[in-house]
Structure formats: C-alpha cells, structure tokens
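# Descriptive structure summary
The primary structure of each chain is shown beneath.
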Amino acid sequence: MKALRLKIYQQTACYKKPFAFKVSETYPLPPYSTVKGMVHSILGADSLIPMKISIQGIYDTIVTDYQTHYFFKRDKTEEFALTADGLGISREFNDITTMPIYMHMLYDVNLVLHIQAADEILEQLESAINSRNIHFSLGRWEDLVRVDECEIIHLQDCGEPRPLHHNAFVPIEYLSDVAHFPYKLNWTYEVINNVRVWNKIQVGYVQKGLWIEQHEQLKIDPYGDLVFFHID
C-alpha cells in the first residue's frame, strides 16, 4: 500500500475543540478534519477527495495566550472588526462586541502524518507540497507549518505488537486494553437544514511508548512508525 508520509513542525498551534467558546481548548494533535482541510486546500480541491489519514506527533508543552475576540451580533452589518489601538482613533461598534478569551496553544509541535489515497492524488499532493512557494497552515491561519519531509512510501503489514514512537490518535478498533483518552473526532459532514452534521471517528489518544497489539489492518512504514488508518 502506498501512502504519503509528511513530517512537519509547528512552533505553536491550536487545534481548537468544537464548542470551546470561553476558553479555546486545543486537541493534543490535529483532528482528522483539520488535516483533511489542509490537504484539500493544498490540492485546490472543491469537492471531497476519498482518503484516509493517520496522525501522530509530540509537543513540548502547552502555553496560554490572552486574546480579544470579536463577535457579531447580527448576520448582516456594514461594520467590520478592525482594531485602531495605538492609532489615536476611536471607533464605536453597534453590531460587534468583544470578549477576552484564553487561548491554549501547543508549543514546539512535531507531527508525522500518513495520507492514503489514489496514486494520482498522492503524486499531485507530493508535487504541490514540494513546489509550493507560500506557507501552509494547520489549525488556525497563523499556525504556520514547516515541512521537514514529504515522500511517497510503501507501507507493510505489521505482524507483531509494536511500541508507539509518538503520541497518536488510534482508531478504537486497534485498541484492546491499551490505556488511552477517548475522543470522537470530526471526519466528513453532511449539510442538513443548512447545518453541518459531522460523521465522527472514535479514537483513543495513546501516549508514546505504549504497545499496540497486532491487528490485521495495522501497518508500519519504512521508518518503523506504526500507521493507523480508520476502518470503514
């Protein structure tokens, strides 16, 4: 099986949890929908491209930023949120309000991503990443990405228990009695009555060093990293 292996670095990142409004909490790793969004953006896709994603990585610590967020009171307004602090100009808003929010951010993030898709998609993605001359973002727009490695590799079946080299989102089907923290992560969505309804993947966040038991779908890459694609 072919896959694109990406090794990337982010100095800071916030992979914001849904419904975390008063404090912007972050997942410990980017969820599937965030990685999928970055990949579709790189490809310039305007429709869903079938793919599977494996996500693992480590970070040094979590820091907290204190930010002012702007909220619109109405759907339509001619006002726009632009701060004039320090310019000697005062602006008053009628349709916009502000609220200070604590933002959790991961610091010193190293990720290993595996993407499985049709061969031509993998080749387009590899070419787009290696030839692009503007930055990528993963998480918020300001969460810049440095691509350290990008290559198409061949995955092999993993026929024996192996330890994790990084923390990982592991689909629940691969876990037996391994200690983990459970999440339901967004994957794809349908629009029902103008509302996005997400299909979710149930995973466990597993710490590096723990062993993953043998599974018929478990793969390993040439660098010895386990690969966990979700099972349909």
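The model shown is predicted, which means the values in this text are computed figures rather than measured ones.

Before going further, it helps to spend a moment on the pattern of salt bridges. Using the criterion set out here, one finds 10 salt bridges in the structure. Salt-bridge contacts for K2 lead to D119; the nearest nitrogen and oxygen are separated by 4.0 Å. You can see K2 sitting in strand 1 (residues 2-13) and its partner D119 sitting in helix 2 (residues 119-131), a full 117 residues away along the chain. The exposure class assigned to K2 is partly exposed, which follows from its relative accessible area of 30%. Ionic pairing is found between R162 and E160, a salt bridge with its closest N-O pair at 3.4 Å.

The next subject is the packing of aromatic side chains. One pass over the structure, following the stated rule, counts nine aromatic pairs. Relative to Y183, the ring of F169 has its centre 5.8 Å away and its plane inclined at 75 degrees; by these criteria the two rings are edge-to-face. Of the two residues, F169 is situated in strand 10 (residues 167-171) and Y183 in strand 11 (residues 181-192); the sequence distance between them amounts to 14 residues. Accessibility assignment for this pair places F169 and Y183 in one class, buried. Ring centres 5.3 Å apart and planes at 55 degrees place the aromatic pair F181 and Y183 in the tilted group. A relative accessible area of 14% places Y183 in the buried class.

What counts and how
- Residues numbered from 1 in each chain as written.
- Predicted model: local features only at pLDDT ≥ 70, side-chain atom pairs only at ≥ 80, totals over all residues.
- Heavy atoms only, no water.
- Salt bridge = Lys/Arg side-chain N within 4 Å of Asp/Glu carboxyl O.
- Helix = DSSP H or I, 4+ residues; strand = E, 2+ residues; numbered from the N terminus.
- Buried < 20%, exposed > 50% of the residue type's maximum accessible area, 1.4 Å probe, protein only.
- Phe/Tyr/Trp six-rings, centres within 6.5 Å; stacked < 30°, edge-to-face > 60°.

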